[in-house]
Amino acid sequence: AAESSPLADKLKSLSLTTPLPKYANCYPEANPVDIYRAHITSILTEVTGVDAAVIYPALQWTQTLEKGDLVLPIPALRVKGKKPDQLAAEWLEKFPESPLIHKPSTAGTFLQFFFKVEKLAQIIIPSILKQDKQFGQNPYLGLKDPTDESKGRKKILVEFSSPNIAKPFHAGHLRSTIIGGFLSNLYQAAGWDVVRINYLGDWGKQYGLLALGFEKYGNEEALKADPINHLFEIYVKISKDLAAEKEEIKKLEEAGKDASELKNEGVDEQARRYFKAMTENDTKAISQWARWREMSIKRYKETYARLNIHFDDYSGESQVKQEKMDETAIKLSEMKISEESEGAVIIDFSKHVPGKPGKSLERPIIRKKDGTALYLTRDISEMLQREEKYKFDQLIYVVASQQDLHLKQLFKIIELMGYKDLAKKVQHVNFGLVQGMSTRRGTVVFLDDILRDVGEKMHEVMQKNQAKYEQVQNPLATADILGISSVMVQDMSGKRINNYEFNMDAMTSFEGDTGPYLQYAHARLCSITRRAQLSSEDIATADLSLLTEPHAHNLIRVISQYPDVLQNTLKTLEPTTVLTYLFKMTHTLSSSYDHLRIVGSEKELMKARMALYDAARVVLNNGMRLLGLSPVERY
Ligand code: ARG
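Bear in mind that the values here come from a model prediction, so they are computed numbers and not experimental data. (Residues numbered from 1 in each chain as written. Predicted model: local features only at pLDDT ≥ 70, side-chain atom pairs only at ≥ 80, totals over all residues. Heavy atoms only, no water.)

## Points about the site of the ligand
Rules: Neighbouring residues are identified by heavy atoms, a residue being near a molecule or strand if any of them is within 4 Å of it. Whenever two N or O atoms come within 3.5 Å, that pair is a polar contact, provided that in protein one can donate a hydrogen and the other can accept it, and provided that, for residues adjacent in sequence, both atoms are side-chain atoms. Surface accessibility in these figures is a Shrake-Rupley result with a 1.4 Å probe; residues are shielded only by whichever protein chains are displayed. Put simply, Ala, Val, Leu, Ile, Met, Phe, Trp, Tyr, Cys and Pro go in the nonpolar bin, Asp, Glu, Lys and Arg in the charged bin, and everything else, Gly too, in the polar bin.
Taken together, E159, S162, N164, H173, Y199, Y375, D379, Y397, V399, Q403 and H406 are the residues near the ligand. Contact distances for the ligand include 2.8 Å between an oxygen atom and a side-chain N or O atom of H173. With respect to the ligand, the side chain of Y375 contributes an N or O atom lying 2.8 Å from a nitrogen atom. In the complex, 90% of the free accessible area of the ligand, which totals 350 Å², lies under the protein chains. Its residues assigned to classes, the shell around the ligand comprises 4 nonpolar, 5 polar and 2 charged.

Quick look at the structure:
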C-alpha cells in the first residue's frame, strides 16, 4: 500500500526511489520534516555504521535557522575512541550527494543539516494547503501502539479551571483555564482522547454558610439575573456577620462572660449544621444547593465559550462519594498511613517518607475532630473515582504553584496506599502568580469583568484608526476577541512558573509580541488573499520553483517547523513554546512583505508567492487556535 500513497509518489518525484525505511516515531504523513529525518538517518547509518535506532531520535529541531534545519549532537551517537571533530571530518568525507539536503557542516560538536529549499517548498507548501486545519496535528502520537491503530488511543484527563462557587474567579483560575484549555488542545492535536474536567469548589461548610446568607439577604430575581455575582454578594455579607460574631465571642470570653448562646446558636454553628444536613442528603438543603450549582455552571459555560473552552465533565468536590471516602479512610488507617492526633486524623509524612522529603510534606489533617472531610481527603477519593470511571493513561492537574504542597501530599498518599501505577500517571502542571489584576471598576475580580475591560480598551485602541475602524463589520465583537487575545497572549508569553504583572496597556498594544500583534499578522495575510483574488486552481498550479529569494526561503523553512514545534511542546508543556515560534514566524513574515510583493508582480510569480502566504496563514491560524485564540480575518 505504501507504494501508491501520495507520499510515496511525492518521494518518487523527488528522485528518492528507494522507499524510506521505517523508523520508530517517524510519521512523514503528519510531519514532512520526518522525511528528512529518515533520509538523513539512512545516509548516516551507512556513513557512521551506527544503528539507525540511535541516530533517528538524536536528530534535533533547531530554534534558529542559522544553525540549520536539523542538528545532530555527535556525542549522542556514542562512538568511542575518537573526538567529535575527528568523527565529523571522517563522515563528511564519505557523505554522498543528496537530492534533499546540502552537505552537512560542523559547529562545535554538532553536525548541522540544511535542507535544499527548492525541494522543501515542493514538499511542504502542498502538504500545508492540503491538510489545512489539520496541518501540524499528529494523530499517531496518541496511539496506544503506533504500529496498530486498532489498539486504540491513549486517554488523558486534563483537570483545569476549577473555580469555587460563590467566590471570585481569580487570576489563578484564569491561568488554569488558559493553560488547561491549551494543554487539552495540544493532546487532542497529538491524537489523544482528551477528557476536560472542571473540578468545582462546591462543597464544605462555606456552602452551609451561603445558604444561611441566602435566607437573610437572598433575592430570587437578583439570583436569576446574575447568579454568580448575587451568590458572591451574599457570601461576602454573611462572612462579615460571621467575622463579627467571632469578634463578639472573643470579647465576651475576654470579659469572662458566657458566650455559649452565640456559640451554640450563632451563624457559625448554624452553617455547620446546615452543611451537615447537606452531607446527610437532606432533600431541601440539597435541592437548593444543586440549583445554585446548576445556575453557576450555566454562567461559567457562557464565559468559557468566549475562550473557546468546553468541559466534558463538571465534577467538583461535592461529587466525591461518601462511601469512597469511608473506604479510603479505613484503608489509610489499616495500612497505618494515617493516625489519630488530638481527636483528628492526620498523616505524619516524616514517618512514611524518611529524611527531609518526609518533613517537608508536613502533617496534613485528613479528618477533622467533628468527623468532616477536607479538601485533601476529597482529592484522594476523587482521583480513585476518576481511575475507575475513565481508566485513563494520564491525568494532569492544572493548578497554581501555591498548591504544590497539596498535590505533592496527594500524590504521595496515593503511592503509599499502594497505587504505584496510578501514582505514575498523575502529574501537576503548575504556574506562578499574576500580580496586580484588578478591574477598572474595583478590585474584586471576576473573569467576565476582566474580559469586559480589555474588550473596552481594545475598542478604544481600534477607534484611534477611524479609516480602518469603519471597515470592520462588527467592531464590538472584534474588540471583544482582540481583548481576549490580549489577556491570553500575555499570560502565555513567559514560562508557566514565572509570575507576571497584569498590564492592560502593554497587553493591548499592537507593538511588541502581543495578542493584537498576532491578530494583526493574521488579518494582514487574509487581506492579501482577498486582494490577490486568485482561484484555488491558480494556487494549486503555482510553480513553486519561482520562490528563490532568501526571504521566501526563510519563510518556507520556518513554516515547515510547525509540526516539530507541536511535538516539542508535548515535552515542555509550555504554551510559550508555541507562542515564541509564532512570533518568530510572524517576524519572518513581516520582513518578507517588501521583498515578496504580490500586487504588481507578474502572474506566475504572484501565484507562487500567494501559495507561500496561504501556507503561512494556515500555520499561523492553526497555531493560534491551538493556543485557544480565535483568529480574526480583518479589523
Ligand atoms: N477549587 C480549587 C481552588 O480554587 C482548585 C482545585 C484544584 N484541583 C484539585 N484537584 N485540588 O483553589
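## Focus: the pairing of strand 2 (residues 70–73)
Where we set the bar: For each residue, the accessible area found with a 1.4 Å probe, counting protein chains only, is set against the maximum for its type, and the residue is called buried under 20%, exposed over 50%, and partly exposed in between. Per the convention used, a helix needs a DSSP run of H or I reaching at least four residues, while a strand needs a run of E reaching at least two, with both numbered from the N terminus. When DSSP finds at least two bridges between two strands, those strands are taken to pair.
Burial along strand 2 is two-sided: the face carrying L70 and L72 and the face carrying V71 and P73 are both buried. Direction of pairing for strand 1 (residues 60–61) relative to strand 2: antiparallel, over a ladder of 2 bridges. Within the sheet, the bridge partner assigned to Q60 lies in strand 2 and is V71. By the bridge criterion, 4 bridges tie strand 2 to strand 4 (residues 110–113) in an arrangement that is antiparallel.

## Points about a positive patch on the surface
Note the cut-off: Each patch is assembled from residues with relative accessible area greater than 30% and no salt bridge, linking like charges that lie within 9 Å and nonpolar side chains (Val, Leu, Ile, Met, Phe, Trp, Tyr) that lie within 5 Å. Definition used for salt bridges: Asp or Glu carboxyl oxygen within 4 Å of a side-chain nitrogen of Lys or Arg. Charge counting treats Lys and Arg as positive and Asp and Glu as negative, with His and both chain ends excluded. A charged residue contributes its charge at one atom only: NZ of Lys, CZ of Arg, CG of Asp or CD of Glu.
Positive charge collects at one region of the surface, where R524, R530, R531 and R634 lie side by side. With respect to the helices, strands and loops of the structure, R524 is situated in helix 23 (residues 515–532).

## Section: helix 5 (residues 117–131)
Which entries qualify depends on this criterion: In this scheme, a helix's expected span is set at 1.5 Å multiplied by one less than its residue total.
For helix 5, with 15 residues, the first-to-last C-alpha span of 20 Å sits near the 21 Å given by 1.5 Å per residue. Among the residues of helix 5, those classed as buried are V117, L120, A121, I123, I124, I125, S127, I128 and Q131. Where helix 5 ends, the next residue or the one after it, D132, has phi of about 45 degrees, a positive value.

## Topic: the sheet that holds strand 8 (residues 339–341)
Heads up, the condition is: Axis definition: a line fitted to C-alpha atoms, over the contacting stretch in the case of helices. Angles run 0 to 180 degrees between N-to-C directions.
An order of 8-9-10 is seen for the 3 strands of this open sheet, with the pairing classed as antiparallel. Each edge of the open sheet carries a strand with a single partner, namely strand 8 and strand 10 (365–367). Direction aside, neighbouring strands of the sheet carry axes that sit 50 degrees apart on average. Two elements, strand 9 (residues 344–346) and strand 10, share 2 bridges in a ladder whose sense is antiparallel. Within strand 10, the position partnered with I346 by the bridge is I365.

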